[in-house]
Amino acid sequence: MEKISVRGGRKLHGSITVGGMKNAALPILLGTILVGDRCVIENLPEISDIRSALDILSSLGATVRMIDRTTVEIDTSNIRPGTTPYDLARSMRASYYVVGAELGRYGTSRAACPGGCDFGVRPIDQHIKGFEALGAKVDVVDGCITCSAPPEGLTGASIYMDIVSVGATINIMLAAVLADGMTVIDNAAREPHVVDVANFLNTCGADVSGAGTDVIKIRGVKKLHGVTYAIIPDMIEAGTYMMAAAATGSELTIANVIPKHLESISAKLEEMGAKVEDLGDAVHIYPSEGPLRRINVKTMPYPGYPTDMNPQICVLLCLARGTSILTEGVWENRFKYVEELVRMGASITVDGRTAVIQGGRPFRPATVKCSDLRAGAAMVIAALATDGVTVIENIYHIERGYEHLVEKLQGVGADIKTIDTPEDSGQSAV
């Protein structure tokens, strides 16, 4: 099994180019089911979750053709609804977008309940609430969700989200764009990828307004049409490399970004002592002039500090002098990765959704595991900031959401490589 070996302690320098946003690309790819026409989707990240989404589309009967490494042509004219293979649906959380898209176009859908990273209970009750408000009958039996619209089809409705949920907001949008009448989603998620999905649907002929606010209105249309559409840059990939620069005291440019999407991340880095310069379509990170400063962080729905940047900033808090408090405001079990940082010498105490970090201790090299996608990125950042060789296992988590991470970091001077043989594991140096 492949692992990542990092000999840390080096400064990074140069520029890293960010790819397309995973969390926008997945619902947009699966949203092409609604279109029933040819779509060309550009700026796709080269990650395993994208391959899984394309496999799902192919299994449903879509024609999928890669034009180049980041561009795909998809024709969903001949989709067979309700035929997503169980294993593919279970391979990633975003597979639930198949349900909203099939229900919206065909009035019926059946798929296995989704998989993905395990952060504790991740219910789909808000998705179901939305589908039922539109008139669908929903059953969840033996790990499968089955939806069916009434004979007259789905009808627009007012839907109040009990919690702010990105997935449910997007899934209800998908189901509602072809419904009769107007749907209003109140307390909707405001994340940039929600806006990107709405923009894609509107480009296809939908009528969605208010995306980016907490009230989204969808006026149903009769039909959508094919388009060419480019995915927005990935703010979490960008934020991860920003954290890597700060953790290693490096000066680094992160290119192909939308700086506004990074404002909460930039603000926390500057609070810790780093400087972030807005270059329009890039950001430049300058290292702190002294030791990183302790801060408190709470993850929140957008525009707050993102939950997907929780593990990465925890690494910085471990390096900062003093006691920091990191509170998780979205998922109930985000701190599974903490025991791996403790293995590297960190002093972290977790109580429910709160971690107390006694910072200022250097990391020591170790063999650690990725517990989930973003935790894997945090292990890499910690390894880059550690003198000696750190080996990271279960890197398939990283490959779900970061394209060419090893190659990108090699390009800015990191001593990092993928290994797959015991002789080259780096274990003896740990």
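The coordinates are above.
I will try to describe carefully the structure that is included in this document. (Residues numbered from 1 in each chain as written. Predicted model: local features only at pLDDT ≥ 70, side-chain atom pairs only at ≥ 80, totals over all residues. Heavy atoms only, no water.)

Pairing between sheet strands relies on hydrogen bonds along the backbone, with the strands arranged either parallel or antiparallel. Reading across from one edge, β21-β22-β1-β23 is the order of the four strands in this open sheet, with mixed pairing throughout. Either end of the sheet is taken by a strand with one partner, and the two such strands are β21 (367-369) and β23 (415-419). With strand direction ignored, the average angle separating the axes of adjacent strands in the sheet is 25°. Direction of pairing for β21 relative to strand β22 (residues 388-393): parallel, over a ladder of three bridges. Along β22, the bridge assignment pairs T367 with V391. (Pairing = 2+ DSSP bridges. Helix = DSSP H or I, 4+ residues; strand = E, 2+ residues; numbered from the N terminus. Axes fitted to C-alpha atoms, helices over the stretch in contact; angles between N-to-C directions.)

Here the focus is unusual backbone geometry. The amide bond that connects Y302 to the next residue, P303, takes the cis arrangement and shows omega of 15°. Within the secondary structure, P303 is located in the loop between β17 (296-298) and α10 (310-319). Located in the positive-phi region is N43, a residue other than glycine, with phi close to 60°. Looking at the element boundaries, N43 is found in the loop between β3 (38-42) and α2 (48-59). Positioned with a positive phi, N394 is a non-glycine residue whose angle comes to about 60°.

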